[in-house]
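# What the coordinates show
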Amino acid sequence: MYLTKEMKAEFFKKHNKSEKDTGTPEGQVAMFTFRIAHLTEHLKKNRKDFNTQRSLIKMVGKRRKLLDFLKANDIERYRSIVKELGLRK
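Let us look at the structure shown here. (Residues numbered from 1 in each chain as written. Predicted model: local features only at pLDDT ≥ 70, side-chain atom pairs only at ≥ 80, totals over all residues. Heavy atoms only, no water.)

### Comments concerning helix 4 (residues 75–85)
Of the residues making up helix 4, those classed as buried are Tyr-78, Ile-81 and Val-82. The arc that holds every buried residue of helix 4, seen down its axis, measures 100°, which confines them to one face. Those residues of helix 4 that are buried are in contact with helix 1 (5–15), helix 2 (25–45) and helix 3 (50–73). Among the residues trailing helix 4, Gly-86 stands out with phi positive, at a value near 70°. (Buried < 20%, exposed > 50% of the residue type's maximum accessible area, 1.4 Å probe, protein only. Helix = DSSP H or I, 4+ residues; strand = E, 2+ residues; numbered from the N terminus. Arc of directions from axis to C-beta. Contact = heavy atoms within 4.5 Å.)

Right, dumping it as C-alpha cells:
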C-alpha cells in the first residue's frame, strides 16, 4: 500500500500539533496533496483509468475547499501551508 500508518502519522506530526490531531486543515491538505501526486503518476501510466480520474478530480475539489476555508479564516496559516507544499507558483 502506498500510504501506511507511519506515513500518515508523519504527515500529521509535521503539519499539526501532534500525530493524533488529524482534523486540522493543514494536515488534511498535506495528505490530499500526497494522494493527488500519487494518483497523478498513476494516471500518467494508465490514461484510460476513468474511475481513478474521477477520484482525482473529487480529491482536488476537497483540497480546494479546505484551502478556501483556511484562506477565509486565517490567511497566515493559508500562506504558510501553500508555501510549504509548493501549491502556487
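Read on for the rest.
### Quick look at the packing of aromatic side chains
Under the defined criterion, the tally for this structure stands at two aromatic pairs. Arranged with centres 6.1 Å apart and planes meeting at 20°, the rings of Tyr-2 and Phe-34 form a pair that is stacked. Of this pair, Tyr-2 sits in the segment before helix 1 while Phe-34 is found in helix 2, placing the two residues 32 residues apart along the sequence. Overall, the relative accessible area of 26% leaves Phe-34 in the partly exposed class. Here the aromatic residues Tyr-2, Phe-11 and Phe-34 are joined through ring pairs into a cluster of three or more. (Phe/Tyr/Trp six-rings, centres within 6.5 Å; stacked < 30°, edge-to-face > 60°.)

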